[in-house]
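Overview (structure and organization)
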Amino acid sequence: MRSERGRNLCRGSQCYHMETPAAAAPAGGFFPSFLFLAFGTLVAALLGAAYRLGLFYQLTHKVDKASIRNGGENVAAVLKAHGVKFLFTLVGGHISPLLVACEKLGIRVVDTRQEVTAVFAADAVARLTGSVGVAAVTAGPGLTNTVTAVKNAQIAQSPILLLGGAASTLLQNRGALQAVDQMSLFQPLCKFCASVRRVRDIIPTLRAAMAAAQSGTPGPVFVELPVDVLYPYFMVQKEMVPAKPPKGLVGRGVSWYLENHLANLFAGAWEPRPEGPLPLDIPQASPEKVQRCVEILSRAKRPLMLLGSQALLPPTPADKLRVAVETLGVPCFLGGMARGLLGRNHPLHIRQNRSAALKKADVVILAGMVCDFRLSYGRVLSRSSKIIIVNRDRKEMLINSDIFWKPQEAVQGDVGSFVVKLVEGLQGQTWASDWAEELRQADRQKEQTFKEKALMPLAQHLNPVRVLQLVEETLPDNSILVVDGGDFVGTAAHLVQPRGPLCWLDPGAFGTLGVGAGFALGAKLCRPDAEVWCLFGDGAFGYSLIEFDTFVRHKIPVMALIGNDAGWTQISREQVPSLGSNVACGLAYTDYHKAAMGLGAQGLLLSRESEDQVVKVLRDAQQQCQDGHPVVVNILIGRTDFRDGSIAV
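These numbers come from a predicted model, not from an experiment. Numbering of residues begins from 1 in every chain and follows the order in which that chain's sequence is written. With the structure being a predicted model, the display of local features is reserved for residues of pLDDT at least 70 and the display and counting of side-chain atom pairs for 80 or more, all residues being used for whole-chain, interface and lining totals. Excluding hydrogens and water, the side-chain figures rest on all heavy atoms present in the structure.

The next thing to look at is the pairing of strand 17 (residues 559–564). The classification of residues rests on relative accessible area computed with a 1.4 Å probe and restricted to protein chains. Under 20% of the type maximum is buried, over 50% is exposed, and intermediate values are partly exposed. Counting from the N terminus, the helices are the DSSP runs of H or I reaching at least four residues and the strands are the DSSP runs of E reaching at least two. Judged by how many residues are buried, strand 17 sits mostly within the fold: six of six residues are covered. Two strands are counted as paired when DSSP detects at least two bridges linking them. As judged from the six bridges shared by strand 17 and strand 19 (residues 631–636), these two strands associate in the parallel manner. Paired with M559 across the two strands is V631, which belongs to strand 19.

This is the structure:
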């Protein structure tokens, strides 16, 4: 049986109904649809290509072919607008325009003898000023030489901007001189990485980079500046576009592509753009978190606070933080950039036997300190203590908390602001003085041990503990201490006290050797009226020696004290007993003071023969610095164990 809409088919006892279309689609209808789709795809591809080639942008933004301006001027303008006073560098052709432009705008360009020193100097500026320190280096090996310093800044959470030259945009991945995949190298080390591809992008990219360096948990940022975005139009044109138009269809196509690429590089390059700082994103502890911490601390009998470098970050000034800590009245240990916060010999500042104190405390505030190797991964904390930890970085804040320790309150936010709010919430509460006195008594016992060690006579060389005691007595109130080394520096950490906040510079948790010269350079430029005293181990000084040429050329008077025990003693102490060999650990009592004199600095020697002249020589070195000369004091010492002050000849 048939019907208009279908038909029934019966086979035996089974019946099936089959629908038939009312009107079949025309057989040729598929082809117009396909053609329409293909045409749309082609148009979209052409529009996308035109966008990527910058053709749309060039319709409304022209190229000023007569201008002699260069992209380096845009770089300098952004740095100037952000208050940058110093640019550290080792010169290279890739970055010359930005160096010259910075000089013209009054930014002091300081060239070092190693790229890593330039970044260390920028790091010191960042730590001491709370702003972004800036270094610029050339492409390829110039940038790879900075990797250690950039990683050190990442771990120390220092906001630095590294500007790196690069091969021209057209020649990358084509075997150009000093070309390497710089972005892949620095992305794991930096919070923000960008490669500028057009002159008009320089200003917004740098503004974003500067904001990223200081927002959240501070750290290094990297901006790659290919050579053709830094030089003026006429010079790039000369290198990029053939002088004689090529013949043939392919040649004319290549010529058009190069000319368009050049136009896109410089289109809108000199149009006015905002150059100043962008708003920063600084995390703050919630009022609820602060209140819970106030309640915990208010019930404490033996509270203890550990302050780390994050506590000294903006926006809380060091002086305001110091007042807050004094008002709080909780005994505290100071580490990193927090050293010196309370000045010299403050009754709340406990300096020795930290592990024992942590075991006795009932409430511990880790303010910018984390449970890494410095706190034995959290094992030094008592299970019975209530732990309050505050940090800008949540991941870092909770490190090892699933193994060796557990926080009562974990507060993500700015450390300095948190301490101020904590004090406000406690409203003048005080704690029994016997707890702080108990901790100070342990300090006095440890200090007495060092006094006894200082009296030990040595047959051949100076007693390093005694030398450092005299350094402590001589160190002026306006000094900044830069430390770079092993045993000599480790012993100094027990004996030599920074005179105020932001007056102590050490590498931080990465334990990097070689920071000394760069840190000293940045410190002296930031605080020209301060005396910069650098305490070096003789091994570490090898990294910094050549930079006394930099100090002489730029008239940077700093004073280096070298604890010269003729070896990598901190390594040797473990290696010899356990492995039976001193291989690679031996150095010599080298005349470092004479090497410095060869570079134009002043050099002084302290040895067993001048044992009673230590203070006089230190005073002479101070006078030389005050007269504008960098000075190296080579101190021949016996070997000391920084852990307990024990000494060997």
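What follows picks up the thread again.
Moving on to the sheet that holds strand 14 (residues 479–484). With parallel pairing, six strands are arranged side by side in an open sheet as 15-14-16-17-19-18. Strands at the two margins of the open sheet, each flanked by one partner only, are strand 15 (504–505) and strand 18 (602–606). Pairing between strand 16 (residues 531–537) and strand 17: five bridges, direction parallel. If you follow L535 over to strand 17, its bridge partner there is L561. Pairs of residues are marked as contacts when any of their non-hydrogen atoms sit within 4.5 Å. Between N-to-C directions, angles span 0 to 180 degrees; the directions come from axes that are lines fitted to C-alpha atoms, helices contributing only their stretch in contact. In the packing of helix 19 (residues 487–495) onto the sheet, the strands contacted are strand 14, strand 15, strand 16 and strand 17, and the crossing angle to strand 16 comes to about 130°. Helix 25 (residues 614–626) contacts strand 16, strand 17, strand 18 and strand 19 of the sheet and is inclined by roughly 170° relative to strand 18.

The positions that UniProt labels "domain: Thiamine pyrophosphate enzyme central" (unreviewed entry) are, in the present scheme, residues 290–422. When the span residues 290–422 is considered, its composition is 29% helix and 17% strand, and the gap between its end C-alpha atoms is 6 Å. UniProt positions are given in the numbering used here, feature names are shortened, and annotations may be inferred rather than shown by experiment.

Domain ranges listed in this record stem from an automatic or a database domain assignment. For the protein, the domain assignment lists domain 1 (71–243 + 251–266), domain 2 (287–437) and domain 3 (456–636). On a C-alpha basis, the centroid separation for the pair domain 1 and domain 3 is 33 Å. Across the boundary between the two partners, domain 1 contributes 23 residues, which contact 27 residues of domain 3. Each salt bridge in this description consists of a side-chain nitrogen of Lys or Arg and a carboxyl oxygen of Asp or Glu lying within 4 Å of one another. Inspection of the domain 1/domain 3 interface yields two salt bridges. Measuring nitrogen to oxygen at the nearest pair gives 3.0 Å for the salt bridge that ties R553 to D111. Taken together, the elements giving at least two residues each to the side of domain 1 that touches domain 3 come down to strand 3 (86–90), strand 4 (108–111), helix 5 (115–129) and helix 7 (147–156). Here the side of domain 1 that touches domain 3 gets nine residues from one element, more than from any other, and that element is helix 5. Residues are grouped as follows: Ala, Val, Leu, Ile, Met, Phe, Trp, Tyr, Cys and Pro are nonpolar; Asp, Glu, Lys and Arg are charged; every other residue, Gly included, is polar. Classifying every residue of the side of domain 1 that touches domain 3 gives eleven nonpolar, six polar and six charged.

For the rest of this paragraph, the subject is helix 23 (residues 569–579). Listed in full, the buried residues belonging to helix 23 are T569, S572 and Q575. Taken end-on, helix 23 shows its buried residues confined to a sector of 120°, consistent with a single buried face. Facing away from the buried side of helix 23, by more than 90 degrees, are the exposed residues P577 and S578. Considering only its buried residues, helix 23 is in contact with helix 19 and strand 20 (639–640). Throughout, the arc means the angular range of directions from the helix axis out to the C-beta atoms.

It is at 9 Å that the axes of helix 12 (residues 287–298) and helix 16 (residues 415–426) come closest, and there the two elements cross at 60°. For the element pair helix 12 / helix 16, the angle class is oblique. The interaxial crossing formed by helix 12 with helix 16 has right-handed handedness. Across the interface between the two elements, V290, C293, V294, L297 and S298 from helix 12 touch F418, K421, L422, G425 and L426 from helix 16. For the contact of helix 12 with helix 16, the residue count by class is seven nonpolar, two polar and one charged. Should an angle fall under 35 degrees it is taken as roughly parallel, and over 145 as roughly antiparallel, whereas 65 to 115 is taken as roughly perpendicular and any remaining angle as oblique. When the near helix sits turned anticlockwise from the far one by under a right angle, the crossing is termed left-handed; a clockwise turn instead gives a right-handed crossing.

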